[in-house]
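What follows is each chain in one-letter form.
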Amino acid sequence: MNQTRNDILEKMFRHNDYRRLMEVRALDPDAANPDEMILEGRAIVYDTKTKLFSYGGVDYYEIIEKGALDEADTKDAFFKYNHSDTVMVMARTKNGTLQLDNSSDGVKIKAKLANITAAKDLYTLVKRGDIDKMSFAFTIREESYDEKEHTWKVRKIDKLFDVAAVAMPAYEDTSLYARRLGDVETRREQVEALELARKRAQVELEILKNL
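Model, not experiment: these values are computed from the prediction.

(A) Spatial organisation of the overall build of the protein. The helix and strand tally for the protein stands at three helices and 10 strands. From first element to last, N terminus to C terminus, the protein shows the α and β order α-β-β-β-β-β-β-β-β-α-β-β-α. Across the 211 residues of the protein, 35% fall into the buried class. For the protein, contacts bridging at least 24 residues in sequence account for 68% of all contacts bridging at least 6. For the protein, the accessible area works out to roughly 12400 Å², and carbon and sulfur atoms hold 50% of it.

(B) Region of the structure containing helix α2 (residues 117-128). The end-to-end C-alpha separation of α2 is 17 Å, in line with the 16 Å expected for 12 residues at 1.5 Å each. Following α2 by one or two positions, Gly 129 adopts a phi angle in the positive range, close to 90°.

(C) Focus on unusual backbone geometry. Despite not being glycine, Asp 47 shows a phi value in the positive range, around 55°. Among the structural elements, Asp 47 can be located in the loop between β2 (38-45) and β3 (49-55). We classify Asp 47 as partly exposed; its relative accessible area is 49%. Of note in the backbone geometry, His 150 takes a positive phi value of approximately 55° without being a glycine. With respect to the element layout, His 150 can be found in the loop between β9 (133-146) and β10 (151-166).

(D) Structural context of the pattern of salt bridges. Going through the model one piece at a time under the given rule, you end up with 14 salt bridges. Its salt-bridge partner being Asp 73, residue Lys 75 comes within 3.1 Å of it at the nearest N-O pair. A salt bridge links Asp 85 to Lys 80; its shortest N-O distance comes to 2.7 Å. One continuous salt-bridge network, built from bridges that share partners, spans Glu 71, Arg 141, Lys 156 and Asp 158.

Conventions used here
- Residues numbered from 1 in each chain as written.
- Predicted model: local features only at pLDDT ≥ 70, side-chain atom pairs only at ≥ 80, totals over all residues.
- Heavy atoms only, no water.
- Helix = DSSP H or I, 4+ residues; strand = E, 2+ residues; numbered from the N terminus.
- Buried < 20%, exposed > 50% of the residue type's maximum accessible area, 1.4 Å probe, protein only.
- Contact = heavy atoms within 4.5 Å.
- Areas by Shrake-Rupley, 256 points an atom, 1.4 Å probe, with all protein chains shown as cover.
- Expected span 1.5 Å × (residues − 1).
- Salt bridge = Lys/Arg side-chain N within 4 Å of Asp/Glu carboxyl O.

Here is the structure:
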């Protein structure tokens, strides 16, 4: 863990997206369109508790509530590899090659990949099972935190930036980790400050009693 609060805050302001891991798979080509390369996966599962990380002996969780994507800006989201801006975009909601199916239990995606070398390579790797995870980048508009359950509840997602097939997710490098860990650190400091104030009040009360 060995991170200072400055490290955490630096990450918080360096990134502006949250990411979640889900599964992705390659569909077999349609007989009528043998050259089509289609990937699909479930981007979000609603109302399901997901463990984010452990910190200080406590497990922290998150739930994305049903309908969180209903009002989100998804009109120009991309399908990428590893969220990279250096690899060509392979599908896009704006032109219909990336489709989002937002239902009562979650959000599925279907990406019709562009006929480019990078997409062909990715499709082959997903089909073989070398790559089987997908994540998506987004910002949050509205959420709450349950102190007892140590759980964030995401009520509304603000904007979906992209969905991506990922090879080796560096979880601790995402802003989710940095921001959530920053929240935990802030709450710990608040509790410590309240405890210190309580102890000082007790000492002052004892002094007054002895006057």
